[in-house]
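The residues making up each chain are set out below.
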Amino acid sequence: MTAIDQIIRQAINPFDPATFKPGNFWHEEQDPALDVESIHQEVIYEVEAVLEQVARDHRTRTVMIFGDSGAGKTHVLGRLKRILNPKAFFVYIDPFPESEAIWRHVLRYTVDSLVQKPEGEAESQLLLWLKSLSAFKQGGIVSWVLSDRQRFIRSLKASYPSGIYNANEFFGVLYDLIDPDRYPLACEWLRGDNLDDESLKLLNVKHSIETEDAAQKVLANFGRISAETQPIVLCFDQLDNIARTADGAIDLQALFNVNSSIHNQLLKNFLVIISIITSTWRQNADRVQLADQVRIDTSVPLKPISLDQAEAVWVSRLRPLHRQADPRPDSPTFPLTRQVLEQKYPGGKTYPRNVLELGRRIIQSYKVGPSKAEQPEDAIAAFKLVWLKEFNRVQERIIRIRQLSAPELTQMLKETFAALQVGEIRPRFLPSPTYASHSFSYQPNNQGRVGIGWNEDPSLTTLFHIMSACRRAVELNLCEKLFLIRAEGIGKPGNRGYELHDQIFAENTPHQRLKPSLHSVHYLATYHSLVNAAYAGEIVVAGKTLDIQALESFIRDSRILQNCALLKDLGVLSGTVISEVEGGAIASQPDDSEPEFQPDNEPIQDFLLDLLKTHQLLGRQVMVQTTVGQFTEISEDQVNKLIQQLSEDNQLRVLGDNPNPEEQLVYLPEQSA
């Protein structure tokens, strides 16, 4: 028999912000058990009805979902994707970093989402879409794999005699999708990567998708063909960190231009969902032309929830703990009560985030007692837990640097520089209308200006133009030092871009080319994800919702970026990098030894202590299992040894003499259980 009191004292607080911080709903698996179906059910019904209209007549429609910060917009998108994915192909569009390339951005993220596998499916949305076409159903996928390319193209052109842009090349690349060896390269072309000549030759195409017009028309191809299968849902979320206009306002007009073009040019079979904070819309609506505003077919508000729904949120979070208890608590919300809700929200309405935060504070007080719960929380420790969870998600999602466009990589680095307060930052450094967005400059205190350009396009033609822009910047004395960041190759001697590269970055110059690691990009992408969430008011740390200034302060105070090698190479951080593998969790091996896992204890010990600083009191076994969940290469025995070592060093204490780890409680030395 295990009493509920003991279970709560041992457990991770079920309302901990690290467990409910929202993000990109496509890459984050939401637990259906935590859903309260009645919350925002009217939104689900409304969007489902609009989707059914699109499926019937293939006419594109747009829905705007709006609500206050904390109302649950991103969670609703996740529910919509999970519920409606059998009826539609879902696409998540990250905030666009530049308005001039918004169509290419939309195409990139459309294909990136389509290559994901829906829950319960063995194949990607893209292959499911392709195999559902009548041309495939007639002969079967095996017969098409064995057939020749031209027969495949002729068959699809017969099915779609008009309305397909660049039909021969587009259908030819679709043919390559059914070849496992060419599938990755075909996806790269469809998403608009600027491929090298060899890759273009393998795909039998002349050019990459290099212009806004081409990107828009390829997107239209997807809509035109999907009319035979299922609608495509384009979701725009976290719009407070999109590209900005000259006066610093977010460029909503650029997004609404895209939406209007989808309608005006009759791109078929799309459902566009725009999710936005109510205050953001009110502040910026007058910047959007009325002719574009009327292209919103349906506006759906997220309303506050009732106290009955608030109770249901508590029940869903506490249910796993109650199931372990013997005897079961009399109330499904124990130790929380309806009376607390009525006192806190006398109007009978609130938002989901408020309910979660109230539950967190009450559970924490119940775990350690009211007096200790009143002590200031260790916000840095709590932030580091949020960071680590996001970092792990990013590692799973971004498996190569070129998944991100040059403007995105540049934006991520620029955001990081702003957080580190490196000096005055100016965007668009390179003197080139095409590649200016791939660059920025900054001026450290009492030093000369430093220029930075970042481009990972494999195309050597693009490399030449980038090198030409770099040479022009040097000739115009736009900076005292120039960094080119590029992991991709630069060709061979004799190539024009190669020769320019060797001239600009010769050893006798102050200029330097840096080759970033994927691990460094994971740092930048993690921070960028948190920046998006901060602008959207979606990060809660130690009971406070972080704005961008607070987030930047946490980045500096936590020194969380200290192991980002790229930032060290750029000279904005000092010291040496401990490890570039798995967040510092794996030590390197001698070349002549068998690869054997050796944990780097420091990050794991830091995690254990941060966990305790945040929750104050935990069961030993809970700590072990939580740590193994974050550092998947270590064993429970290794974690137990680290806990013992921390105990011997008096950094934590294990309560009692019970030899069974499942019965032991762990706390910090300055606390008593």
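Residues numbered from 1 in each chain as written. Predicted model: local features only at pLDDT ≥ 70, side-chain atom pairs only at ≥ 80, totals over all residues. Heavy atoms only, no water.

## Looking at the overall build of the chain
(1) Moving on: The helix and strand inventory of the chain stands at 30 helices and 17 strands.
(2) Moving on: For the chain, the C-alpha radius of gyration of 27 Å lies close to 26 Å, the compact-globule estimate for 673 residues.
(3) Moving on: C-alpha atoms of the chain, sized along the principal axes, occupy 75 × 65 × 55 Å.
(4) Moving on: In the chain, which comprises 673 residues, the proportion classed as buried is 56%.
(5) Moving on: Within the chain, residue pairs in contact and separated by at least 24 positions form 71% of the contacts whose partners lie at least 6 positions apart. (Helix = DSSP H or I, 4+ residues; strand = E, 2+ residues; numbered from the N terminus. Rg over C-alpha atoms; globule rule 2.2 N^0.38 Å. Buried < 20%, exposed > 50% of the residue type's maximum accessible area, 1.4 Å probe, protein only. Contact = heavy atoms within 4.5 Å.)

## What to know about the environment of Pro510
(1) Moving on: One can find Pro510 in the loop between helix H24 (496-504) and strand S12 (512-514).
(2) Moving on: Along the chain, Pro510 and Phe483 lie 27 residues apart, while their C-alpha atoms are 9.1 Å from each other.

## Topic: the packing of helix H17 (residues 307-324) against helix H19 (residues 352-368)
(1) Moving on: Two elements in contact, H17 and H19, have axes separated by 10 Å at closest approach and are oriented at 55°. Classified by the interaxial angle, the pair formed by H17 and H19 is oblique. As H17 packs across H19, the resulting crossing turns out to be right-handed. Residues Ala310, Val313, Trp314, Arg317 and Leu318 of H17 touch H19, and the partners they reach there are Val355, Leu356, Leu358, Gly359, Ile362 and Ile363.
(2) Moving on: By residue class, the composition of the contact of H17 with H19 is nine nonpolar, one polar and one charged. (Axes fitted to C-alpha atoms, helices over the stretch in contact; angles between N-to-C directions. Parallel < 35°, antiparallel > 145°, perpendicular 65-115°, else oblique. Left-handed = near helix turned anticlockwise from the far one by under 90°. Nonpolar A, V, L, I, M, F, W, Y, C, P; charged D, E, K, R; others polar.)

## Section: the environment of Ala473
(1) Moving on: One can find Ala473 in helix H23 (residues 460-475).
(2) Moving on: It is 6.4 Å that separates the C-alpha atoms of Ala473 and Pro431, two residues lying 42 residues apart in sequence.
(3) Moving on: Excluding anything up to four places from it in sequence, Ala473 contacts Phe429, Leu430, Pro431, Leu478 and Cys479.

## Brief notes about unusual backbone geometry
(1) Moving on: In this structure, the amide linkage connecting Asp326 to the following residue, Pro327, adopts the cis form with an omega of 10°.
(2) Moving on: Take Pro327: it is sitting in the loop between H17 and helix H18 (338-344).
(3) Moving on: With an omega of 10°, the peptide bond between Phe334 and Pro335 qualifies as cis.
(4) Moving on: Within the secondary structure, Pro335 is located in the loop between H17 and H18.
(5) Moving on: The phi torsion at Arg559 lies on the positive side, around 55°, for a residue other than glycine.
(6) Moving on: One non-glycine residue with positive phi stands out, namely Gln616, at about 70°.
(7) Moving on: Within the secondary structure, Gln616 sits in the loop between helix H28 (601-615) and strand S15 (617-619).
(8) Moving on: Among the residues examined, Gln616 registers a relative accessible area of 11% and is labelled buried.

## A word on the pattern of salt bridges
(1) Moving on: The full count for this structure, using the stated rule, is 28 salt bridges.
(2) Moving on: Here Arg82 makes a salt bridge to Asp35, at a shortest N to O gap of 2.0 Å. Placement of Arg82 in helix H4 (residues 73-84) and of Asp35 in the loop between helix H2 (17-20) and helix H3 (41-57) is noted, with a sequence separation of 47 residues between them.
(3) Moving on: The buried category is assigned to Asp35, whose relative accessible area is 16%.
(4) Moving on: Here Arg472 ties to Glu475 by a salt bridge, and the two come within 4.0 Å at their closest N and O atoms. Note that Arg472 and Glu475 are positioned in helix H23 at a spacing of three residues, about one turn of the helix.
(5) Moving on: The partly exposed category is assigned to Arg472, whose relative accessible area is 41%.
(6) Moving on: Through salt bridges with shared partners, one network takes in Arg108, Asp112, Glu188, Arg191, Asp193, Arg400, Arg402 and Glu488. (Salt bridge = Lys/Arg side-chain N within 4 Å of Asp/Glu carboxyl O.)

## So, H19
Along an α-helix, a turn takes 3.6 residues, which lines up residues three or four apart on a common side.
(1) Moving on: With 17 residues, H19 ought to run about 24 Å at 1.5 Å a step, and its terminal C-alpha atoms sit 25 Å apart, in line with that.
(2) Moving on: Burial runs high along H19: twelve of the 17 residues are buried.
(3) Moving on: Buried residues of H19: Pro352, Arg353, Val355, Leu356, Glu357, Leu358, Gly359, Arg360, Ile363, Gln364, Lys367 and Val368, and no others.
(4) Moving on: Positive backbone phi, at 95°, marks Gly369, one or two positions downstream of H19. (Expected span 1.5 Å × (residues − 1).)

## Digging into the sheet that holds strand S9 (residues 439-443)
(1) Moving on: Spatial ordering of the open sheet is given by S8-S9-S10-S11-S12, a layout of five strands whose pairing is mixed. Two strands lie at the open edges of the sheet, namely strand S8 (424-427) and S12, each paired on one side alone. Here the average twist between neighbouring strands, direction ignored, is 20°.
(2) Moving on: Relative to S12, strand S11 (residues 481-485) runs parallel, the two sharing three bridges. Looking at S12, one finds that Phe483 is bridged to Gln512. (Pairing = 2+ DSSP bridges.)

## Examining the nonpolar core
(1) Moving on: Leu174 and Phe222 are the most contacted members of the largest nonpolar core, which totals 119 residues.
(2) Moving on: Ranked by the residues each element gives to this core, the list is headed by helix H25 (residues 518-535), at nine residues.
(3) Moving on: Listed in part, the 22 residues of the second largest apolar core include Val36, Leu318, Leu336 and Val355. (Core = buried A, V, L, I, M, F, W, Y, C linked by side-chain atoms within 4.5 Å.)

## Digging into the pairing of S9
(1) Moving on: Buried residues dominate S9, accounting for four of its five residues.
(2) Moving on: Inspection of the sheet shows S8 paired to S9 by four bridges, in the antiparallel sense. Residue Arg426 lies in a different strand from S9, and its bridge partner there is Ser441.
(3) Moving on: The hairpin formed by S9 and strand S10 (residues 450-454) contains six residues between the paired strands, and Asn446 there has a positive phi angle of roughly 60°.

## Section: the confidence of the model for the chain
(1) Moving on: Averaged over the chain, the pLDDT score is 89; the fraction of residues at 70 or greater is 92%.
(2) Moving on: Counting interchain partners and residues more than four positions distant, the pLDDT-below-50 stretch residues 581-597 has 28 contacts. (pLDDT = per-residue confidence, 0-100.)

## Some words on the packing of aromatic side chains
(1) Moving on: Taken as a whole, this structure holds 14 aromatic pairs when the rule is applied.
(2) Moving on: On the basis of an interplanar angle of 20° and a centroid distance of 5.2 Å, the ring pair of Phe383 and Phe554 is categorised as stacked. Taken together, the residues Phe383 in helix H21 (residues 379-397) and Phe554 in helix H26 (residues 548-558) connect sequence positions 171 residues apart.
(3) Moving on: Through a chain of ring-to-ring contacts, the aromatic side chains of Trp129, Tyr160, Phe170, Phe171 and Phe222 assemble into a single cluster.
(4) Moving on: Lying over the aromatic face of Tyr535, Arg244 brings its terminal NZ or CZ to 5.4 Å of the ring centre.
(5) Moving on: Positioned over the ring face of Phe464 is Arg496, at 4.0 Å from the centre of the ring. (Phe/Tyr/Trp six-rings, centres within 6.5 Å; stacked < 30°, edge-to-face > 60°. Lys NZ or Arg CZ within 6 Å of the ring centre and 35° of its normal.)

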